[in-house]
Amino acid sequence: MKDTKLETINYSLYYGKFRALKDISIKIPKNKVTALIGPSGCGKSTFLRSFNRMNDLIPGVHTEGSVLIDGEDIFKVDPVALRQNVGMVFQKPNPFPKSIFENIAYGPRVTGLKDHHKLEEIVERSLRSAALWDEVKDNLGKSGLDLSGGQQQRMCIARALAVEPTVILMDEPAASLDPIATLKIEDLIHELSANYTIVIVTHNMQQAGRVADFTAFFLTDESRTGQLVEFNETKTIFTNPRDRRTEDYITGRFG
Amino acid sequence: MSGRMIADKVVKYILFASAIISIIIVLAIGFFIFRESIEAWTELGIGEILFGTVWRPGIDQYGILAMIAGSLSVTFGAILLGVPLALGCAIFLAEIAPAGVQAVVRPAVQLLAGIPSVVYGLFGMVILVPLIRNINVPGNSGYGLLAASIVLAVMILPTIASIAEDAIRAVPENYRHGSLALGATKWQTITRVILPAGKSGIIAGVILGVGRALGETMAMIMVIGNSAIMPRPLSSNPLTFFLSQARTLTGNIAVEINYATGIHESALFATGVVLFGLIIVVNASARWIIRTQKYVEKAN
Amino acid sequence: MDERSSEIALIHKAQALNLKKEQRRQSFWVALMWLFGLITVSILILVVGYVLLKGGTAINWEFLTTPPKGGLSGEGGISTTIGTTFYLVGLTLLIATPLGVGAAMFLIEYAGEQSLGSKFLRSMISVANFAVETLAGIPSIIFGLFGYALFVSTLKFGFSLLSAALAGACLVLPTIIRTTEEALLAVPNDYRRGSLALGATKWQTLYRVVLPASTPGIITGIILSVGRVISETAIFFVTLGGSYRMPTSIMDSGRTLALHLYYLAMDTRAFDKAMGTGAVLVVMIILINLLIDFVSRKLTAGVRRVR
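These numbers come from a predicted model, not from an experiment.

How each quantity is defined
- Residues numbered from 1 in each chain as written.
- Chains lettered and ligands numbered in written order.
- Predicted model: local features only at pLDDT ≥ 70, side-chain atom pairs only at ≥ 80, totals over all residues.
- Heavy atoms only, no water.
- Helix = DSSP H or I, 4+ residues; strand = E, 2+ residues; numbered from the N terminus.
- Rg over C-alpha atoms; globule rule 2.2 N^0.38 Å.
- Buried < 20%, exposed > 50% of the residue type's maximum accessible area, 1.4 Å probe, protein only.
- Contact = heavy atoms within 4.5 Å.
- Areas by Shrake-Rupley, 256 points an atom, 1.4 Å probe, with all protein chains shown as cover.
- Lys, Arg positive; Asp, Glu negative; His and termini not counted.
- Charge placed at Lys NZ, Arg CZ, Asp CG, Glu CD.
- Phe/Tyr/Trp six-rings, centres within 6.5 Å; stacked < 30°, edge-to-face > 60°.
- Buried area = accessible area lost by both parts, 1.4 Å probe.
- Salt bridge = Lys/Arg side-chain N within 4 Å of Asp/Glu carboxyl O.
- Polar contact = N/O pair within 3.5 Å; in protein donor to acceptor, adjacent residues only side chain to side chain.
- Nonpolar A, V, L, I, M, F, W, Y, C, P; charged D, E, K, R; others polar.
- Core = buried A, V, L, I, M, F, W, Y, C linked by side-chain atoms within 4.5 Å.
- Domains from an automatic or database assignment.
- pLDDT = per-residue confidence, 0-100.
- Axes fitted to C-alpha atoms, helices over the stretch in contact; angles between N-to-C directions.
- Parallel < 35°, antiparallel > 145°, perpendicular 65-115°, else oblique.
- Pairing = 2+ DSSP bridges.
- Bend = angle between axes of the 7 residues up to and from the residue.
- Expected span 1.5 Å × (residues − 1).
- Patch = residues over 30% accessible without salt bridge, like charges linked within 9 Å, V, L, I, M, F, W, Y side chains within 5 Å.

**A short note on the overall build of chain C**
Now for step 1: In terms of helices and strands, chain C carries 11 helices and zero strands.
Now for step 2: For chain C, the α and β elements follow one another from N to C terminus as α-α-α-α-α-α-α-α-α-α-α.
Now for step 3: Taken over C-alpha atoms, the radius of gyration comes to 27 Å for chain C, far larger than the 19 Å a tight globule of 307 residues would show.
Now for step 4: Dimensions of chain C along its principal axes, counting C-alpha atoms only, are 95 × 60 × 40 Å.
Now for step 5: Counting over 307 residues, chain C shows a buried share of 51%.
Now for step 6: Across chain C, the fraction of contacts at a sequence separation of at least 24, relative to all contacts at a separation of at least 6, is 72%.
Now for step 7: Total accessible area on chain C is roughly 14,100 Å²; 67% of this is exposed by carbon and sulfur atoms.
Now for step 8: Separation between the mean location of the 26 positive side-chain charges and that of the 17 negative ones in chain C comes to 3 Å.

**A look at the overall build of chain A**
Now for step 1: Scanning chain A from N- to C-terminus turns up 10 helices and 10 strands.
Now for step 2: A globule of 255 residues ought to have a C-alpha radius of gyration of about 18 Å, and chain A, at 18 Å, matches this closely.
Now for step 3: By its C-alpha atoms, chain A is 55 × 40 × 35 Å across when sized along the principal axes.
Now for step 4: Across the 255 residues of chain A, 56% fall into the buried class.
Now for step 5: Sequence-distant contacts in chain A: of pairs separated by 6 or more residues, those separated by 24 or more amount to 68%.
Now for step 6: A total accessible area of about 10,900 Å² is found for chain A, and carbon and sulfur atoms account for 47% of it.
Now for step 7: For chain A, the centre of its 32 positive side-chain charges and the centre of its 33 negative side-chain charges are spaced 2 Å apart.

**Details of the packing of aromatic side chains**
Now for step 1: Following the criterion strictly, the structure yields 24 aromatic pairs over all chains and no others.
Now for step 2: Aromatic side chains Phe47 of chain A and Phe218 of chain A sit 5.3 Å apart centroid to centroid with 45° between the ring planes, which places their arrangement in the tilted category. With a gap of 171 residues between them, Phe47 of chain A in helix H1 (residues 44-50) and Phe218 of chain A in strand S9 (residues 214-220) connect regions that are remote in the sequence.
Now for step 3: On the basis of relative accessible area, Phe218 of chain A is assigned to the buried category, the value being 0%.
Now for step 4: Here Phe123 of chain B and Tyr50 of chain C contribute two aromatic rings whose centre-to-centre distance is 5.8 Å and whose plane-to-plane angle is 85°, an arrangement assigned as edge-to-face. With Phe123 of chain B in helix H5 (residues 117-133) and Tyr50 of chain C in helix H1 (residues 3-56), the pair connects residues from two separate chains.

**Quick word on the interface of chain B and chain C**
Now for step 1: Contacts between the two partners involve 77 residues from chain B and, on the opposite side, 82 residues from chain C.
Now for step 2: Between chain B and chain C, the buried area comes to about 7,100 Å², and carbon and sulfur atoms account for 81% of it.
Now for step 3: Three residues stand out in chain B for area buried against chain C, namely Phe123, Trp187 and Arg287 of chain B, and they jointly supply 9% of the buried area on that side.
Now for step 4: There are one salt bridge connecting chain B and chain C.
Now for step 5: For Glu133 of chain C, the salt bridge goes to Arg287 of chain B, with nearest N and O atoms at 3.5 Å.
Now for step 6: Linking chain B to chain C there are 11 residue pairs in polar contact (both at pLDDT 80 or more).
Now for step 7: No other element matches the 21 residues that helix H1 (residues 3-44) of chain B contributes to the side of chain B that touches chain C.
Now for step 8: Here the side of chain B that touches chain C is built from residues that sort into 54 nonpolar, 15 polar and eight charged.

**Topic: the nonpolar core**
The nonpolar side chains of soluble globular proteins are, as a tendency, buried together.
Now for step 1: Formed by 205 residues in total, the largest nonpolar core has its most connected members in Ile29 and Met222 of chain B together with Tyr262 of chain C.
Now for step 2: Per element, the largest residue contribution to this core is 16 residues, and it comes from helix H3 (residues 65-96) of chain B.
Now for step 3: Summarising the domain contributions, this core has at least three residues from each of domain 1 (2-56) and domain 2 (66-306) of chain C.
Now for step 4: Setting aside anything within four residues of it in sequence, one finds Ile29 of chain B in contact with Phe276 of chain B together with Leu135, Ile138, Ile142, Phe143 and Phe146 of chain C.
Now for step 5: By size, the runner-up hydrophobic cluster in this structure holds 44 residues, among which are Leu127, Leu132, Val136 and Leu147 of chain A.

**Some remarks on the domain arrangement of chain C**
Residue and element names in this part refer to chain C.
Now for step 1: Assigned domains within chain C: domain 1 (2-56) and domain 2 (66-306).
Now for step 2: Computed from C-alpha coordinates alone, the two centres of domain 1 and domain 2 are separated by 42 Å.
Now for step 3: Facing seven residues of domain 1, the contacting portion of domain 2 comprises seven residues.
Now for step 4: At the boundary of domain 1 with domain 2, total buried surface from both sides reaches about 500 Å², with 91% on carbon and sulfur atoms.
Now for step 5: The largest share of the area that domain 1 buries against domain 2 comes from Val51, Leu52 and Gly55, three residues that together contribute 68% of it.
Now for step 6: Here domain 1 and domain 2 share zero residue pairs in polar contact (both at pLDDT 80 or more) between them.
Now for step 7: When grouped by side-chain class, the residues that make up the side of domain 1 that touches domain 2 number four nonpolar, two polar and one charged.

**Focus on the interface of chain C and chain A**
Many analyses report the size of an interface as the accessible area lost when the parts associate.
Now for step 1: Taken residue by residue, the interface counts 12 residues in chain C and 13 residues in chain A.
Now for step 2: Buried surface at the junction of chain C and chain A, summed over both partners, amounts to about 930 Å²; 41% is from carbon and sulfur atoms.
Now for step 3: In this structure, the salt-bridge partner of Glu164 of chain A is Arg4 of chain C, at a minimum N-O distance of 2.9 Å.
Now for step 4: Scanning the region where chain C abuts chain A turns up six residue pairs in polar contact (both at pLDDT 80 or more).
Now for step 5: Looking at the side of chain C that touches chain A, its residues break down into four nonpolar, four polar and four charged.

**Some thoughts on the confidence of the model for chain C**
Now for step 1: Per-residue confidence for chain C averages 90 on the pLDDT scale, and 94% of its residues sit at or above 70.
Now for step 2: This prediction of the complex comes with two scores: 0.90 for pTM and 0.92 for ipTM.

**Details of the side chain of Asn18 of chain C**
Now for step 1: Following the sequence through the fold, Asn18 of chain C ends up in helix H1.
Now for step 2: Look past the residues within four positions of Asn18 of chain C in its chain and what remains in contact with it is Val110, Thr111 and Gly112 of chain A.

**Regarding the packing of H5 of chain B against H1 of chain C**
Now for step 1: Interhelical geometry of H5 of chain B versus H1 of chain C gives an angle of 80° and a closest axis separation of 11 Å. Taken together, the axes of H5 of chain B and H1 of chain C are roughly perpendicular relative to one another. Where H5 of chain B abuts H1 of chain C, its residues Val119, Tyr120, Phe123, Val126 and Ile127 of chain B lie against Leu46, Val47, Tyr50 and Val51 of chain C.
Now for step 2: Here the residues of the contact of H5 of chain B with H1 of chain C are counted per class, giving nine nonpolar, no polar and no charged.

**Observations concerning the pairing of strand S4 (residues 61-69) of chain A**
All names here are of chain A.
Now for step 1: Pairing geometry for strand S1 (residues 4-15) and S4, over eight bridges, is antiparallel. Looking at S4, one finds that Tyr15 is bridged to Val61.
Now for step 2: Two strands pair when backbone bridges link them, and S4 and strand S5 (residues 72-73) are joined in this way by two bridges, in the antiparallel orientation. Within S5, the residue paired with Ile69 across the bridge is Glu72.
Now for step 3: The turn joining S4 and S5, which pair antiparallel and follow one another in sequence, is formed by two residues; a positive phi near 50° is taken by Asp70.

**Comments concerning the pairing of strand S6 (residues 86-89) of chain A**
Residue and element names in this part refer to chain A.
Now for step 1: Neither face of S6 is open: one carries Val86 and Met88, the other Gly87 and Val89, and all of them are buried.
Now for step 2: Relative to strand S7 (residues 167-171), S6 runs parallel, the two being bridged by four bridges. If you follow Val86 over to S7, its bridge partner there is Val167.

**Description of H5 of chain B**
Every α-helix winds through 3.6 residues per turn, so residues three or four apart in the chain are directed the same way.
Residue and element names in this part refer to chain B.
Now for step 1: Considering bend angle alone, the principal kink of H5 is centred on Gly124 and spans about 40°.
Now for step 2: The element H5 is largely enclosed, with a buried count of 12 among its 17 residues.
Now for step 3: Among the residues of H5, those classed as buried are Ser117, Val118, Val119, Tyr120, Gly121, Leu122, Phe123, Gly124, Met125, Leu128, Val129 and Ile132.

**Focus on H1 of chain B**
Now for step 1: With 42 residues, H1 of chain B should cover 62 Å at 1.5 Å per step; its first-to-last C-alpha distance of 60 Å lies within 8% of that length.
Now for step 2: Along H1 of chain B, the largest kink reaches about 40° and is centred on Ser37 of chain B.

**Section: a nonpolar patch on the surface**
Residues and elements named next belong to chain C.
Now for step 1: Together, Leu52, Val283, Leu287 and Leu290 give the surface a local cluster of nonpolar side chains, amounting to about 340 Å² of exposed area.
Now for step 2: Looking at which element gives the most residues to the nonpolar patch, the answer is helix H11 (residues 271-306), with three residues.
Now for step 3: Of note, Leu287 is situated in helix H11.

Have a look at this one:
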């Protein structure tokens, strides 16, 4: 692994007294797709939210160890600046109750861009990158809430791209979508990985197999604390896992 | 049919009757106030009452335009002072204050709502009026629109603040997270996403505050001066408008009803009809806004 | 570096600059919101503190236990006005509570009933809900005017406790109905099903199971109403008369504490005594707020236990 984009070292996270994640050390490579898999409740979504400090919003959360982006401690970066660099797509599409144009322009606007011509450019480019432009180019004034679920999710991806992040976190982005919309999102992820570091949480192992270059397998121990069991190239994880528990999981013996 | 079955039926009709009482009361309020005012409307004429600027029962002049102007002016003043404070307070409680601070501020707002209006009136008479009297403008008695607006602003603050806070809290959490995840600051999230999304509820809160302001009586009588004149600036400076004495629709009724007879009494009921109509329109529009909001939420 | 990546580098630089500006802006506005919160609490402390401190000096045993002297002197205590206040509170709630609780029970417990297929009943229920909302928004003086026209004049009850209590009952009715409705809605449906399954009639179920479970909520509504009767003035100003004597029957005139405060301040300009009366009122309202807090905490604790 030559270029590490994100890294955690002995990272633990607590909700109050409850330890949700324990001693996680991982190096996530740059401009690749990394999937986080594991049974539900294993802390993979919580772990994902650590990279853009969304866990800060939950009262009573504290952490140990370090999280680095480009070698820099993220807890020393302003969280707002961090989130401009680390975009996020949520499990359920969450468009603002605004027009498609305003949804995409939201990020550039809050980060200081006022020039309308520039905004139009960015909106078009972001929608093209998210493979949504052809479907909505004549209806940019339409409310984002009027799109179908799959379109909404691609709009949310476009919205994240418009801020020019270098990392995109995706929390089960296709969980609420039908198979065709899911396939479109997966193609999109594949294309985006040329320019972005993508970390994706997924329930669906086939999906991990299809989109991810690397895969990390999480599991809870007897006290329901999430741990990283194994991290490797996706094909190794799926064909030749080192840990017995990984093998059990991917062959469907539990989870 | 057994005894307890019959009892069951009887109780049902008794309960039904009590449910109907509210309807009867609303109708009765409209009916009685209107009935008592008919004499004034027919004898004096609708235009004479609504647009007459002179209220002088001694010479049978019963124009209530001055009181309409008084009520609207003091409501306007109260909104001007009270709405920013109330909305600020709502934003503070819903989005900014840590839990420990909320636990102090929220009960304080509740207690503000519970303090009797005469206590506010008394406070205004003893503290505000002497302070305002210090403003050196000829004809300034201290009693007037300014004192009344300040008192009223405090009285409508809890109404607006609590409804607006609820509206802000009702904005779905995923809007908040969506905005923050795009690198917006907390304040940008509040002004660009949360407030627009909670707009209807906030506006409804302000409108209900207006309704409360139009209906307030005793505190107004105590600090507004009660002269039945069109409020106007006391000097060439237009701001002295707020030093003018005035009388509200509510005050007009309360001050005179206990000794009025005949056409005078009827004219006071006509004042009540106008007030009642205003309040119904104001409250209905608030309700309409809340309902359209609910409709939109369902559509999502 | 190609064109695109240098463009992105520029954008990132602009974002960093803009963020500094936005954070300054945020600090300003957040500080202002803190100030608004502080102002609100200060207003409360100012009003309550002033009235309690100033009024406190006027309060002593004699003030609380002697009747006002009457006339224009403003002399004397407030004993009869305390008595009248309690008298009026009791009478008003005696009228309003059964009506309000009954109405709420019908609106919640019978509205969804199958046998209620009749269009007439259904539309009555939605009209009744609309009426309750309307009542809740009508100002005190309008209730007063109504009471004056119907009870004082038409029915010839005169300026009396009875007239005032009837008008007051109309005023607090929506409060009791709404809080009772909330309390009834909080009772789990399993309670009802369980009782009905044992062969109890609907009314037996309501009376023995649902009502007891919703008592704290109903009590909250009653306490809220007590607070309103104590603090409302305009409605009683035009229905209760204003006699400073202790009423001996429901047909007698009287004055509540709040009314007495008004007369002291406006007619006799006895501000010290008015402040004393105000302090008593404020203490009562604070106690009522604490009581409501206590009861509603019990209520939520109860619900938590149930779930």
